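# Summary of structural features
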Amino acid sequence: MKKLIFTICAALLSIGAMAQQHLAFPFQGGKSAMTKFFKDSLDVPAELVKVKAAGTAVFKFTADGDGNIKKIIVYYADDANLAKPIIDALRKSNKKWIIPDGEKMHDFILPFSISFLAPATATDKVQKDFYNYYTNRKPIVSFDQVPLDMATLLPTITVNYSLK
């Protein structure tokens, strides 16, 4: 009887240990490859550079078993104009996502932070342009609950662009 109980306990412990396996980073090449990909792929349009746009945007997207993005949802964006270049960069990332084994699709939440590199001596014009942008921005916010389900929160992608 003691051997049977010991065998059952050992089997349960081994199953529990298998359940805690470390998942690989869900982007091919890891975190640094993902950060580099988005910094290279995200093109800040000239009109955003002109108005000194800066802000944060949070996206939820669904990837299938082949790594293709099937659905993109904007959860929050400081300005609607920030969302367009980020969506374009997300679409360029098809075939690069890795979903956990046994799943047909998986949701990811990816925050972005976009800002400009201010000159060493910021002029009044730069400050005024940013203030005008900030006061006239049109944020995208979610007023209903946000279903997260089994989504994976990824590290924030920080993109800094030059004013020149």
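Overview of the structure. On a predicted model such as this, the values are computed, not experimentally measured, just so you know.

Attention now moves to helix H5 (residues 124–136). Taking 1.5 Å per residue as the helical rise, H5 with its 13 residues ought to reach 18 Å, and the 18 Å between its terminal C-alpha atoms agrees with that figure. Next to the buried residues of H5 lie helix H3 (46–50), helix H4 (80–92) and strand S3 (105–117).

What follows is about the nonpolar core. Grouped together as the largest cluster of nonpolar side chains are 34 residues, with contacts concentrated most on Phe38, Trp97 and Leu110. Looking at which element gives the most residues to this core, the answer is H4, with six residues. Every residue in contact with Phe38, bar those within four places of it in the chain, is listed here: Phe27, Ala89, Leu90, Ser93, Trp97, Leu110, Phe112 and Ile157.

Our focus in this paragraph is H4. Every buried residue belonging to H4 is among Leu82, Ala83, Pro85, Ile86, Ile87, Ala89 and Leu90, and all of these are buried. Residues of H4 that are buried make contact with helix H2 (31–41), H3, strand S1 (55–64), strand S2 (69–77), S3 and H5.

A separate point is the packing of H2 against H4. Where H2 contacts H4, the two axes come as close as 9 Å, and the packing angle between them is 125 degrees. The pairing of H2 with H4 is recorded here as oblique in orientation. With respect to the hand of their crossing, H2 and H4 are arranged in right-handed fashion. For the pair H2 and H4, contact is made by Phe37, Phe38 and Ser41 and by Ala89, Leu90 and Lys92, respectively. Of the residues assigned to the contact of H2 with H4, the class counts are four nonpolar, one polar and one charged.

Attention now moves to the side chain of Lys52. Its location among the elements puts Lys52 in the loop between H3 and S1. According to the relative accessible area criterion, Lys52 is buried, its value standing at 11%. A polar atom in the side chain of Lys52 sits 3.4 Å from the backbone oxygen of Lys50. Looking at Lys52, its side chain comes within polar contact range of the side chain of Asp129, at 3.2 Å. Leaving out residues up to four positions away in the same chain, Lys52 has contacts with Phe116, Val126, Asp129, Phe130, Tyr133, Tyr161 and Leu163.

Calculation notes
- Residues numbered from 1 in each chain as written.
- Predicted model: local features only at pLDDT ≥ 70, side-chain atom pairs only at ≥ 80, totals over all residues.
- Heavy atoms only, no water.
- Helix = DSSP H or I, 4+ residues; strand = E, 2+ residues; numbered from the N terminus.
- Expected span 1.5 Å × (residues − 1).
- Contact = heavy atoms within 4.5 Å.
- Core = buried A, V, L, I, M, F, W, Y, C linked by side-chain atoms within 4.5 Å.
- Buried < 20%, exposed > 50% of the residue type's maximum accessible area, 1.4 Å probe, protein only.
- Axes fitted to C-alpha atoms, helices over the stretch in contact; angles between N-to-C directions.
- Parallel < 35°, antiparallel > 145°, perpendicular 65-115°, else oblique.
- Left-handed = near helix turned anticlockwise from the far one by under 90°.
- Nonpolar A, V, L, I, M, F, W, Y, C, P; charged D, E, K, R; others polar.
- Polar contact = N/O pair within 3.5 Å; in protein donor to acceptor, adjacent residues only side chain to side chain.

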